[in-house]
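Geometric and topological summary
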Amino acid sequence: VQLQAYRGGLVQTGGFLRLSCSVSGRPAGGGYGMAWFRQAAGKEREFVATIDVSGKYQYYNSSVKGRFFISRDNARNTMYLQMNILKPEDTAIYYCAAREASGVASSSDRYAYWGQGTLVTVSS
């Protein structure tokens, strides 16, 4: 399984971006839950949002809830993160991840597959 995150970039405070994560291959068993994590410079990686295999269930970090929205298009093997009302503290490298289970999970150790990350910079 290979994941690739893309469409990060530079945006002003209050702006928006839509990240994408393409998935090739499939974990054993077929269905896989997915998530976004981020890591700011000098900080530990933190959970952002997760989505189940159907796309019906999502769970968010409280710091992004109401501003960020996770979704997936299984026909296109792609996951998205719509990020609105961006703040300077959202600046980080964003990683997508997949796991060999269908549900949601917020702990990074539940994910076996990771993309290379895409940089999001929010200027003040």
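No experiment lies behind these values; they were computed from the predicted model shown. (Residues numbered from 1 in each chain as written. Predicted model: local features only at pLDDT ≥ 70, side-chain atom pairs only at ≥ 80, totals over all residues. Heavy atoms only, no water.)

Another aspect to go through is a nonpolar patch on the surface. Where nonpolar side chains cluster on the molecular surface, the patch consists of Tyr-57, Tyr-59 and Val-104 and spans about 320 Å² of accessible area. As for its position among the elements, Tyr-59 is in strand 6 (residues 58–60). (Patch = residues over 30% accessible without salt bridge, like charges linked within 9 Å, V, L, I, M, F, W, Y side chains within 5 Å. Areas by Shrake-Rupley, 256 points an atom, 1.4 Å probe, with all protein chains shown as cover. Salt bridge = Lys/Arg side-chain N within 4 Å of Asp/Glu carboxyl O. Helix = DSSP H or I, 4+ residues; strand = E, 2+ residues; numbered from the N terminus.)

In this section: the pairing of strand 7 (residues 68–73). Here strand 7 shows a clear split, with Phe-68, Ile-70 and Arg-72 buried on one side and none of Phe-69, Ser-71 and Asp-73 buried on the other. Bridge count for strand 7 against strand 8 (residues 78–83) is six bridges, and the pairing is antiparallel. What sits directly across from Ser-71, in strand 8, is Tyr-80. Hairpin remark: strand 7 followed by strand 8, antiparallel, with four residues in the connecting loop; positive phi at Asn-77, about 50°. (Buried < 20%, exposed > 50% of the residue type's maximum accessible area, 1.4 Å probe, protein only. Pairing = 2+ DSSP bridges.)

Spatially, 1-3-8-7 is the arrangement adopted by the four strands of the open sheet, whose pairing is antiparallel. For this open sheet the edge positions go to strand 1 (2–6) and strand 7, each flanked by a neighbour on one side alone. Neighbour-to-neighbour, the strand axes of the sheet open up by a mean angle of 15°, direction not taken into account. (Axes fitted to C-alpha atoms, helices over the stretch in contact; angles between N-to-C directions.)

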